[in-house]
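Analysis of the macromolecular model
Single-letter residue listing:
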Amino acid sequence: MKKIILHYLLLFSLVANAKFIEGIVKFNDGHEEKGLIKSFLEERWFFKQYSKSLEKDLNLDDKFLIFKSSKDAEEKKIFIDDVDQVSLINDDKTLEIFKVIFLKEVNKDGTIASESKKVYLPLLKEGKINIYGFKYLEKDWSAGSYGVSVTRSERFYYQNAKENYAINYGNTDEFLSDILLEKDFWKKVYRRMGDPLKDLFKDCPEMNSKIDIMMEKYKNRDKDFEDKEKLLRKEFRKLPREKQLDLLTVHYYDFNFIDSLISDYQNCK
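Nothing here was measured: the structure is a model prediction, and the numbers come from that model.

Brief notes about the pattern of salt bridges
- Across all of its chains, the model carries 11 salt bridges by this definition.
- Residue R155 is joined to E55 by a salt bridge in which the shortest nitrogen-to-oxygen separation is 3.6 Å. Here R155, found in strand 11 (residues 149-160), pairs with E55, found in helix 1 (residues 54-57); they are 100 residues apart in sequence, far enough to count as distant. With respect to burial, R155 and E55 carry one shared label: buried.
- Three or more residues joined by partner-sharing salt bridges are found here, namely E55, E105, K117 and R155.

In structure tokens:
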């Protein structure tokens, strides 16, 4: 039986009904409109369609929003090409920000694809390197007598603030399955995982040596590297449940090597 994967964005707290959500649309010309929004944002559950694009399956490439300034106002379409960002307003008045950005895939050889697609990505942290990301579930209905197997996953994206695109660094499942038994496995992993980071920090050449050292430690399972990984996992398990669900906390503990590189990059002249 084929594996059926069910995704949902944990950023959202509303149920899966086609409804309008209070929010603010910021346009490319700088002006903002506050009102009610309906689009991919009203959907909370998604069946993966085997498109090899998580963003497409989650409708993050929606071409337009439905917007109205008030409950009884006339509806209008707002196209993605006109939008800079969308901010959802939570009940506690906090904002969840979705930036419209070009997304580029990472090729199997570690190079950045020349083509891009325009998507909405949830902004987690803004700085010299912007971090985007969300959580989703994978449900495997082929688990047989054991019922449905559920795996919780995250996807993170990175953007050098000097560039107009983010990279899909974490899209590695197909790549790893393709090269698993190849003789030059580590060489290809080195290029796929290290080279995109060198591109991300390309305006700071001294970062290259840090990335090379990091990749060598990962390849050789350096004792200090492994000890740190074990310590991070132990610390994470002791965190309150609420903190374990926080995406930036997850990023710090699960992708600490990237978090450390981003911190080092902040000091680059």
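Section: a positive patch on the surface
- A cluster of like positive charges, contributed by K230, R233, K234, R237 and K238, occupies part of the molecular surface.
- By the secondary structure assignment, K234 is in helix 5 (residues 223-238).
- On the basis of relative accessible area, K234 is assigned to the partly exposed category, the value being 45%.

Remarks on the confidence of the model for the protein chain
- In the predicted model, the protein chain carries a mean pLDDT of 83, and 79% of its residues have values of at least 70.
- Mean pLDDT across the secondary structure elements of the protein chain bottoms out at strand 1 (residues 6-7), with 39, and peaks at strand 12 (residues 165-168), with 97.
- Residue range residues 1-17 is modelled with pLDDT below 50. Its contacts to residues more than four positions away, or to other chains, number 62 contacts.
- Across residues 42-49 the pLDDT falls below 50, and counting only partners more than four positions away or on other chains, this stretch makes 34 contacts in the model.

What to know about the side chain of E55
- Judged by its relative accessible area of 1%, E55 is buried.
- Here N168 takes part through its side chain, which lies 3.4 Å from a polar atom of the side chain of E55.
- The residues contacting E55, other than those within four sequence positions of it, are L60, D61, L103, E105, K117, V119, R155, Y157 and N168.

What counts and what doesn't
- Residues numbered from 1 in each chain as written.
- Predicted model: local features only at pLDDT ≥ 70, side-chain atom pairs only at ≥ 80, totals over all residues.
- Heavy atoms only, no water.
- Salt bridge = Lys/Arg side-chain N within 4 Å of Asp/Glu carboxyl O.
- Helix = DSSP H or I, 4+ residues; strand = E, 2+ residues; numbered from the N terminus.
- Buried < 20%, exposed > 50% of the residue type's maximum accessible area, 1.4 Å probe, protein only.
- Patch = residues over 30% accessible without salt bridge, like charges linked within 9 Å, V, L, I, M, F, W, Y side chains within 5 Å.
- Areas by Shrake-Rupley, 256 points an atom, 1.4 Å probe, with all protein chains shown as cover.
- Lys, Arg positive; Asp, Glu negative; His and termini not counted.
- Charge placed at Lys NZ, Arg CZ, Asp CG, Glu CD.
- pLDDT = per-residue confidence, 0-100.
- Contact = heavy atoms within 4.5 Å.
- Polar contact = N/O pair within 3.5 Å; in protein donor to acceptor, adjacent residues only side chain to side chain.

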